[in-house]
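Residue strings, one per chain:
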Amino acid sequence: TLGCGDAKPAGSAPATDYASVIQADRARKDEAFRRQVDEPIPRAAQSTFLPLKYFPVDQSYAVTASFTPAAARTPLKMPTSMGKMRDMEQVGTLSFTLKGQLLSLGAFVEAGTPPDRLFVPFTDLTSGTETYSAGRYLELDRAPSGIYTIDFNRAFHPYCYYNEHFDCPNPPPSNRLRVPVRVTA
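All figures in this text were calculated on a predicted structure; none of them were measured in a lab.

What counts, and where the lines are drawn
- Numbers given to residues run from 1 along each chain, matching the order in which its sequence is written.
- Note on the predicted model: pLDDT of at least 70 is required for a residue's local features to be given, and 80 or more for side-chain atom pairs to be given and counted; whole-chain, interface and lining totals, by contrast, use all residues.
- As a rule here, side-chain values cover all heavy atoms of the structure and leave hydrogens and water aside.
- Each Phe, Tyr or Trp ring, with Trp reduced to its six-membered ring, pairs with another whose centre is within 6.5 Å; inter-plane angles below 30 degrees give stacked pairs, above 60 give edge-to-face pairs, and intermediate values give tilted ones.
- The way it works is that DSSP assigns letters per residue, a run of H or I at least four long becomes a helix, a run of E at least two long becomes a strand, and they are numbered from the N terminus.
- Here the term buried applies to any residue with accessible area under 20% of the maximum for its type, exposed to any over 50%, and partly exposed to those in between, with areas from a 1.4 Å probe on protein chains only.
- What counts as a salt bridge is simple: a side-chain nitrogen of Lys or Arg found within 4 Å of a carboxyl oxygen of Asp or Glu.
- Pairing between strands is defined by DSSP: at least two bridges between them are needed.
- Under this definition, polar contacts are N or O atom pairs within 3.5 Å; protein pairs additionally need one hydrogen-donor-capable and one acceptor-capable atom, and for neighbouring residues in sequence, both atoms have to be side-chain atoms.

Trainee: I'd like a rundown of the packing of aromatic side chains, residues and numbers included.
Mentor: Across all of its chains, the model carries 12 aromatic pairs by this definition. Measuring from ring centre to ring centre gives 5.2 Å for Phe122 and Phe152, while their planes differ by 85°; the resulting arrangement is edge-to-face. In this pair, Phe122 is assigned in strand β4 (residues 117–122) and Phe152 in the segment after β6 (147–151), connecting sequence segments 30 residues apart. When its relative accessible area of 0% is taken as the criterion, Phe122 is described as buried. Taken together through their ring pairs, the aromatic side chains of Phe33, Phe49, Tyr132, Tyr159, Tyr161, Tyr162 and Phe166 make up a single cluster.

Trainee: Got a sec to walk through the pattern of salt bridges? Specific residues and values, please.
Mentor: Between side chains of opposite charge, a pair can form as their charged atoms come close. The final tally for this structure, using the stated rule, is 11 salt bridges. A salt bridge links Glu31 to Arg35; its shortest N-O distance comes to 3.8 Å. Residue Glu31 and its partner Arg35 are both found in helix α1 (residues 15–35); the two are separated by four residues, about one turn of the helix. Residue classification places Glu31 among the partly exposed positions, given a relative accessible area of 36%. One salt bridge in this structure joins Asp87 and Lys77, with 2.7 Å as the shortest N-O distance.

Trainee: Describe unusual backbone geometry, and please don't skip the residues or the numbers.
Mentor: In most cases, non-glycine residues show a negative phi, while peptide bonds are predominantly trans. Of note, the bond from Leu50 into Pro51 is cis; its omega dihedral lies within 30 degrees of zero at -5°. Unusually for a residue other than glycine, Lys99 sits at a positive phi of about 55°. Mapping Lys99 onto the fold places it in the loop between β2 (85–98) and β3 (101–110). By relative accessible area, which is 45% here, Lys99 ends up partly exposed.

Trainee: How would you explain the pairing of strand β1 (residues 62–79) if you had to name every residue and give the values?
Mentor: The pairing of β1 with β6 spans five bridges and is classified as antiparallel. Within β6, the residue paired with Ala62 across the bridge is Asp151. Bridge count for β1 against β2 is 11 bridges, and the pairing is antiparallel. Residue Ser66 lies in a different strand from β2, and its bridge partner there is Ser95. Hairpin connection of β1 to β2: five residues between the antiparallel strands, including Gly83 at a positive phi of 80°.

Trainee: Describe the environment of Lys99, naming the residues involved and giving the relevant values.
Mentor: For the pair Lys99 and Ser60, spaced 39 residues apart in sequence, the C-alpha separation works out to 7.8 Å. There is a polar contact of 2.9 Å between the side chain of Lys99 and the side chain of Ser60.

Trainee: Talk me through the environment of Thr113; I want residue IDs and the actual numbers.
Mentor: Assignment of secondary structure puts Thr113 in the loop between β3 and β4. Its relative accessible area of 31% is what places Thr113 among the partly exposed residues. Each C-alpha atom of the pair Thr113 and Ala71 lies 17 Å from the other, and the pair is 42 residues apart in sequence. A distance of 2.7 Å separates a polar side-chain atom of Thr113 from the backbone oxygen of Glu110.

Here's what the structure looks like:
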């Protein structure tokens, strides 16, 4: 994977069960980061970053999206946090409604890899003020039906947010949402 994270469909659980599941996932991630010595969070920085900061769980950020495959995998040089270029391919577009606005995000894979897991980097109106300026990521297991649950409550910071030794792709301009996404701070 390009970062960390686990984007599983939210399903139709009641709000309290849903919030409990998300909170438990967040606690597991904190514990995993504590156990991984110096990666992704250097031991010296763990007191700064852990526990990870989140906005309150908000089930309205779990939305249904339809996937439109690209006519052909579109090559893209995606700039990274270290000023390099990562060879990616756009394999399609996810369209959804969030906070009353029709939006879309490109879905990518590393060049030459099978499209089994979609990489969906994004920025939004909180980027650089309330959240990491370089954006956040979602990773989605490929759904043969073309219908996905994009759960922004499961969005995560790229490893370069915690550790400058990681080289993380930056979201392309097409993946800049014009709404605030207050989930992962």
